[in-house]
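Chains, contacts and geometry: an overview
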Amino acid sequence: MHSHYHSRWLFFFILYYFPLCSTYWPLFLLFFYILSPIPYCISRRVVDDTDSASNACKELAIFLTTGIVISAFGLPIVFARADVIAWGACALVLTGNIVIFGTILGFFLVFGSNDDFSWQQW
């Protein structure tokens, strides 16, 4: 709940800061936010969790997710270095990345385990 409150304010600032800079290039990061959980979700559906040993499908999914997250942090820096966006917008986007990816990670840590979790607890 607390993280959701901060995400709303951050989204509000992003929506009103970018028109001041007259650029919408950082909104391409929305694709990274959508794509980041997909490899891990697919691997959880494909792989049987009864095998305690590490498997290639799950490791590939974690590798792809890591690549997506690193790209989401690198793209605004590349935009700022190329003078496509201002450094202030870059800092705001990087802060937003920390909040968004932290929220995604928190969701998977809380709701992603298979230890007889019941949705009725919430």
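Residues numbered from 1 in each chain as written. Predicted model: local features only at pLDDT ≥ 70, side-chain atom pairs only at ≥ 80, totals over all residues. Heavy atoms only, no water.

By the naming in an unreviewed UniProt entry, the protein goes by Leptin receptor overlapping transcript-like 1 and is assigned to Sphaeramia orbicularis. The protein has a UniProt comment under Function (unreviewed entry) that states "Negatively regulates growth hormone (GH) receptor cell surface expression in liver. May play a role in liver resistance to GH during periods of reduced nutrient availability." Per UniProt, the protein has the following entry under Subcellular location (unreviewed entry): "Membrane". (UniProt positions renumbered as here; feature names shortened; annotations may be inferred.)

Quick word on the UniProt feature "transmembrane region" (unreviewed entry) in the protein
Here the UniProt feature "transmembrane region" (unreviewed entry) sits at residues 12-35, 60-79 and 85-111. Annotated as residues 60-79, this span is 100% helix and 0% strand, and its ends, taken at the C-alpha atoms, are 28 Å apart. For the annotated span residues 85-111, helix accounts for 93% and strand for 0% of the residues, and the straight-line distance between the end C-alpha atoms is 36 Å. (Helix = DSSP H or I, 4+ residues; strand = E, 2+ residues; numbered from the N terminus.)

Quick notes on the environment of Val 78
With respect to the secondary-structure elements, Val 78 resides in helix H4 (residues 56-81). Judged by relative accessible area, Val 78 falls into the exposed class, the value being 53%. Residues Val 78 and Cys 90, spaced 12 residues apart in sequence, show a C-alpha to C-alpha distance of 9.3 Å. (Buried < 20%, exposed > 50% of the residue type's maximum accessible area, 1.4 Å probe, protein only.)

Remarks on unusual backbone geometry
Negative phi characterises most residues that are not glycine, and trans characterises most peptide bonds. At Asp 83, a residue that is not glycine, the phi angle is positive and equals roughly 60 degrees. Here Asp 83 is to be found in the loop between H4 and helix H5 (87-111). Given the relative accessible area of 67%, Asp 83 is considered exposed.

Here we look at a nonpolar patch on the surface
A grouping of Trp 25, Phe 28, Phe 31, Ile 34, Leu 35, Ile 38, Ile 42, Val 46 and Val 84 is seen on the molecular surface, where their side chains present a nonpolar patch of about 870 Å² in accessible area. Listing elements by their share of the nonpolar patch, those giving two or more residues are helix H2 (29-35) and helix H3 (38-46). Of note, Ile 38 is situated in helix H3. Classification of Ile 38 as partly exposed rests on a relative accessible area of 37%. (Patch = residues over 30% accessible without salt bridge, like charges linked within 9 Å, V, L, I, M, F, W, Y side chains within 5 Å. Areas by Shrake-Rupley, 256 points an atom, 1.4 Å probe, with all protein chains shown as cover. Salt bridge = Lys/Arg side-chain N within 4 Å of Asp/Glu carboxyl O.)

Overview of the packing of H4 against H5
Two elements in contact, H4 and H5, have axes separated by 9 Å at closest approach and are oriented at 175 degrees. Taken together, the axes of H4 and H5 are roughly antiparallel relative to one another. Seen from H4, the contacting residues are Val 69, Ala 72, Phe 73, Pro 76, Ile 77, Ala 80 and Arg 81; seen from H5, they are Trp 87, Cys 90, Val 93, Leu 94, Asn 97, Ile 98 and Phe 101. Class assignment of the residues belonging to the contact of H4 with H5 gives a composition of 12 nonpolar, 1 polar and 1 charged. (Axes fitted to C-alpha atoms, helices over the stretch in contact; angles between N-to-C directions. Parallel < 35°, antiparallel > 145°, perpendicular 65-115°, else oblique. Contact = heavy atoms within 4.5 Å. Nonpolar A, V, L, I, M, F, W, Y, C, P; charged D, E, K, R; others polar.)

Describing the side chain of Asn 55
Note that Asn 55 resides in the loop between H3 and H4. We classify Asn 55 as buried; its relative accessible area is 18%. A polar side-chain atom of Asn 55 sits 3.0 Å from the main-chain amide nitrogen of Lys 58. (Polar contact = N/O pair within 3.5 Å; in protein donor to acceptor, adjacent residues only side chain to side chain.)

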